[in-house]
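Fold and contact review
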Amino acid sequence: MTIRPFSTVLVANRGEIARRVFRTLRRLGIRSVAVFTDADADAPHTREADHAVRVPSYLDVGAVVAAAVSSGADAVHPGYGFLSENAGFARACAAAGIVFVGPGVEALEVMGDKIRAKEHVAAHDVPTVPGFSATGLSDAEIAAEADRAGYPLLVKPSAGGGGKGMTVATGPDDLADALSTARRVAAAAFGDDTLLLERLLERPRHIEVQVLADAHGTTLSLGERECTLQRRHQKVIEEAPSPVVDAATRARLGEAAVAAARSVGYLGAGTVEFLVAGDRLDEPFFIEMNTRLQVEHPVTEMVTGIDLVEQQLRVAAGFALELGEIRLDGHAIEARVYAETPARGYLPATGTVGLWHPGSARVDSAVETGSVISSLYDPMIAKVIAHGPDRETALARLDAALADTIVLGVDTNIADLRALLADPAVRAGDLDTGLLDRRGTPEAPEPSPAALAAVAQRVADAGNPADGSVWGRVGAWRAGGAVAARTVSLEDDAGQVHAVAPGTAGEAVVTGGPVEYWVHADGGAHRLRVVSRRDAAERRRVAAGRAAGAVDPDLVAPLPGTVVAVHVADGDAVDAGARLVTIEAMKMEHTVVAPHTGTVRLRTSVGAQVARDAVVATVTPGVSAPQDHAGFPASADPARTDSVIRTTCVAEAGVAGEDARIAEAALKPGEPMPADSARSISVIRTNSVADTGVAAEDMRIAEDAPTSGVLTHPAATHPRPDDSAGIPASAPIPSHKESLS
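How each quantity is defined
Residues numbered from 1 in each chain as written. Predicted model: local features only at pLDDT ≥ 70, side-chain atom pairs only at ≥ 80, totals over all residues. Heavy atoms only, no water. Helix = DSSP H or I, 4+ residues; strand = E, 2+ residues; numbered from the N terminus. Buried < 20%, exposed > 50% of the residue type's maximum accessible area, 1.4 Å probe, protein only. Areas by Shrake-Rupley, 256 points an atom, 1.4 Å probe, with all protein chains shown as cover. Pairing = 2+ DSSP bridges. Axes fitted to C-alpha atoms, helices over the stretch in contact; angles between N-to-C directions. Contact = heavy atoms within 4.5 Å. Salt bridge = Lys/Arg side-chain N within 4 Å of Asp/Glu carboxyl O. Phe/Tyr/Trp six-rings, centres within 6.5 Å; stacked < 30°, edge-to-face > 60°. Arc of directions from axis to C-beta. Polar contact = N/O pair within 3.5 Å; in protein donor to acceptor, adjacent residues only side chain to side chain. Expected span 1.5 Å × (residues − 1). Core = buried A, V, L, I, M, F, W, Y, C linked by side-chain atoms within 4.5 Å. Parallel < 35°, antiparallel > 145°, perpendicular 65-115°, else oblique. Left-handed = near helix turned anticlockwise from the far one by under 90°. pLDDT = per-residue confidence, 0-100. Nonpolar A, V, L, I, M, F, W, Y, C, P; charged D, E, K, R; others polar.

Turning our eyes to something else, we now look at the overall build of the chain. The number of helices and strands found in the chain is 18 helices and 38 strands. Among the 741 residues that make up the chain, the fraction classed as buried is 59%. Within the structure as shown, the chain displays about 27100 Å² of accessible surface, and the carbon and sulfur contribution to it stands at 52%.

Following this line, the structure appears as structure tokens:
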């Protein structure tokens, strides 16, 4: 008979992690309590709990503790992100007589500061990356220490986590900018601009060790996870065990992780993270300890057979760990499914999930059919985890599960995840943390014939042509001749128009209409828009008269959001790269930058809500004094647009994210724009902003890191009905798919 460690547990989190904890609570017969904000009043986690309490913010310590007290909770499970590593929250729980399911305050405080954590574990014989603290040092003194330590150096904030603020100084000339950027992001995100500088390891792998510890003197290592596949510090795919760690290295990693945990009297589940150089796998270096459950904990659960949430609860209740010998069975791989648009530089996407169907694997999800993906919280909507007797089988099963996972109504990265799993380097296990960034930004996936035919058939069955004309109602015909086969013109997300004959498409699933449809077929999802014959003819005429390399002077919003700054006046002469408008969305700032020299006409103002693809400014080509704005080179060819997209986390103050991500796309220097581009390329630059209203486990970041070329981000080629692209940029966003008030 299983003894329940608690009778009622409040989960101080939302989304997939809240639902994941509820699952274990149900199995153990423990009453669950959810907290929710107004935006999450009808969210799956709110409805799934046995009881739910409204709070003004997931970061409101007083409100969350009050909810625990009023609901009769014995304990609070913080999940990850939000308050999970907040020592003040742990103290508040203790003061209210409620158990905090996590480590003690000492562990939270020591490991929550990278400089202190590094110095602390080094004193307990845990290997650390060579480097130094910049605390109390002037920039000149930092430069002197940097020369002694040797370049390249990684400059990162001491507070917080998840890669926010990390910049790279490749040499003395880069150091000042790297320090400035790291301080700015750290101050905004964490309220602390203290910096730590460490040696940058070449072709590093990110390997972490799961530990469990109780109050009876037992601290265990549950093996390692390979978390190397990251996009600018944002983990994308994780696996256990690592494909390159042998038994001897696993033992060495485990000993170091256990030593780090014991040094702070750790209790519960935690993760000790290491970096290893690609050519020196036998030399792991401690980088930090995450004093909570990790996003990627399911892969450890699947290879060990241990429910980590259950063990957290047992340890918090004072029980001893009784797990016996830890054995690793087979291989497990996890992919994070995000609401984002890879072809737009991995920018977050919003919308309403028209259809959700999980694939044949373990799926920890935050959504269901009808869920609204807003700009308020992190865009991770699910984790798909597959297990197999070996790595090759696990990879195949994960790919099959992703192919069967249906998310219609909002863009996701599922197609990109499948492409990544098929990458020869990934299949061979030849990984390093820069692999994803080197892959660049993908093209929008091309719909399969089956997907096109299925949507064409749905349009034909609906009997409502896009233009509503008499010719559309009559259809194709000729006097005295046979009836011609009807075709439907469908535009995909790359702007390509397909003339398609309706037909059956096997297992294709179609939602939406009458103008925009979503379809899942052949393991991929696509958005297709019906194009009338009149529009198709107009596009052909425009394309025929368009000069090669020409671009539209209109600059558009990359995603729906709020204009927080306008950097120029209407009618100003600007150079290529000049900052024009900054938009805050999905807890990030995106600065639209002039693609070429000319005169700017503003189409929006501070405080305005803008829809995705709404025009925010127009730059009419002209002559301006050559200058270097914001570090971006002016284009030598006025017919070509050079653009940059960098995305910086707008994190909640005091909350460390699990990881961070940046999206980038590139045209090679000198490469002309496609001749049929109907939108100009928007340049987006980043600035970090602190926001105390919303937090998430995996916030996104971009850094002003040195680049070898000019990065570009293709804007949409045509307005999309669901994005209200045709409305004035200053008008409110009209669709609940794009905003949540």
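There's more to say after this.
Here the focus is the sheet that holds strand S9 (residues 195-199). Strand pairing in a sheet relies on backbone hydrogen bonds. The paired strands run either parallel or antiparallel. With antiparallel pairing, the four strands of this open sheet are ordered in space as S6-S9-S7-S8. Here the strands that pair on one side only, and so sit at the sheet edges, are strand S6 (131-133) and strand S8 (167-169). Across the sheet, the axes of successive neighbouring strands diverge by a mean angle of 20°, strand direction being ignored. Bridging between strand S7 (residues 153-157) and S9 involves five bridges; their strand directions are antiparallel. Across the sheet, residue Leu-154 finds its bridge partner in S9, namely Glu-198. Contacts from helix H7 (residues 139-149) reach S6, S7 and S9 within the one sheet, and its direction differs from that of S6 by about 160°.

Taken together, the four strands give an open sheet; going across it, the order is S29-S36-S34-S31, and neighbouring strands pair in antiparallel fashion. Of all the strands in the sheet, just strand S29 (554-556) and strand S31 (573-574) have a single pairing partner and so form its edges. In terms of strand pairing, S29 meets strand S36 (residues 615-621) through three bridges, oriented antiparallel. Bridge pairing in S36 places Val-556 opposite Val-615.

Attention now goes to the pairing of S36. Strand residues, when the strand is regular, have side chains that alternate between the two faces of the sheet. Burial runs high along S36: five of the seven residues are buried. Sheet analysis places strand S34 (residues 598-602) next to S36, joined by five bridges and oriented antiparallel. Looking at the pairing, Gly-598 lines up with Pro-621 of S36.

Let us now look at the pattern of salt bridges. A full pass over the atoms with the stated rule returns 44 salt bridges. Residue Lys-383 pairs with Glu-16 through a salt bridge whose shortest N-O separation is 3.3 Å. Taken together, the residues span a long stretch of sequence, with Lys-383 in strand S22 (residues 380-388) and Glu-16 in helix H1 (residues 15-28) at a distance of 367 residues. Note on accessibility: Lys-383 and Glu-16 belong to one class, buried. Across the pair Arg-231 and Asp-416 runs a salt bridge whose closest N-O atoms are separated by 3.6 Å. Taken together, the residues span a long stretch of sequence, with Arg-231 in strand S11 (residues 219-231) and Asp-416 in helix H13 (residues 414-421) at a distance of 185 residues. Each of Arg-20, Arg-23, Arg-27, Glu-301, Asp-307, Glu-310, Arg-362 and Asp-364 takes part in one network of salt bridges that share partners.

Another aspect to go through is the packing of aromatic side chains. A full pass over the atoms with the stated rule returns three aromatic pairs. Centre to centre, the rings of Tyr-58 and Phe-82 are 5.0 Å apart; their planes meet at 20°, and the pair counts as stacked. Remark: Phe-82 occurs in the loop between strand S4 (75-77) and helix H4 (87-95) and Tyr-58 occurs in the loop between strand S3 (51-54) and helix H3 (61-70); sequence separation between them is 24 residues. Overall, the relative accessible area of 3% leaves Tyr-58 in the buried class. A ring pair is formed by Phe-89 and Phe-100, whose centres lie 5.9 Å apart and whose planes are at 90°; its orientation type is edge-to-face. Remark: Phe-100 occurs in strand S5 (residues 99-100) and Phe-89 occurs in helix H4; sequence separation between them is eleven residues.

With that out of the way, let us pick up H4. Given 3.6 residues per turn, any residue in an α-helix points the same way as the ones three and four places further on. When we look at burial in H4, the residues that qualify are Ala-87, Phe-89, Ala-90 and Cys-93. When H4 is viewed along its axis, its buried side chains cluster within an angular range of 160° and face the same direction. Next to the buried residues of H4 lie H3, S4, S5 and helix H5 (105-111). Capping of H4 at its N-terminal end is provided by Asn-86; its side-chain oxygen lies 2.9 Å from the backbone amide nitrogen of Gly-88. Positive backbone phi, at 75°, marks Gly-97, one or two positions downstream of H4.

Relative to the 20 Å expected for 14 residues at 1.5 Å per residue, helix H16 (residues 449-462) spans 20 Å between its end C-alpha atoms, a close match to the ideal helical length. If you check which residues of H16 are buried, you get Ala-450, Ala-451, Leu-452, Ala-453, Ala-454, Val-455, Ala-456 and Val-459. Those residues of H16 that are buried lie in contact with strand S24 (488-491), strand S25 (497-500), strand S26 (509-512), strand S27 (516-521) and strand S28 (524-530). Of the residues trailing H16, Gly-463 is marked for its positive phi of about 65°.

The next point concerns the nonpolar core. Among the nonpolar cores identified, the biggest contains 34 residues, and Leu-229, Ile-237, Val-337, Ile-381, Leu-398 and Leu-402 are the most heavily contacted of them. Taken together, the elements giving at least two residues each to this core come down to strand S12 (234-240), strand S15 (331-338), S22, helix H12 (391-404), H13, helix H14 (424-428) and helix H15 (435-439). If you tally residues by element for this core, the top one is H12, at five residues. Contacts of Ile-381, omitting those with residues within four sequence positions, involve Val-337, Tyr-338, Ala-339, Ser-365, Ala-366, Val-367, Ile-373, Val-407 and Thr-412.

The next thing to look at is the packing of H1 against helix H11 (residues 308-316). Viewed as axis vectors pointing N to C, H1 and H11 meet at an angle of 65°, and their least axial separation amounts to 9 Å. As judged from the angle between their axes, H1 and H11 are roughly perpendicular. Handedness of the crossing formed by H1 with H11: right-handed. When H1 is examined against H11, the residues Arg-20, Val-21, Thr-24, Leu-25, Arg-27 and Leu-28 are found in contact with a partner set consisting of Leu-308, Val-309, Glu-310 and Leu-313.

Moving on, we come to the confidence of the model for the chain. Confidence in the prediction of the chain, expressed as mean pLDDT, is 81, and 78% of residues score 70 or more. Note that residues 624-741 has pLDDT below 50 and, in this model, 406 contacts with residues that lie over four places away or in other chains.

This next bit is on the packing of H12 against H13. Put simply, H12 and H13 touch, their axes get as near as 10 Å, and they point 160° apart. Of the possible angle classes, the one that applies to H12 and H13 is roughly antiparallel. As H12 runs across H13, the sense of the crossing is left-handed. Taken together, the residues of H13 that come into contact with H12 (itself represented by Leu-395, Leu-398, Asp-399, Leu-402 and Ala-403) are Ile-414, Leu-417, Arg-418 and Leu-421. Partitioning the contact of H12 with H13 into residue classes produces seven nonpolar, no polar and two charged.

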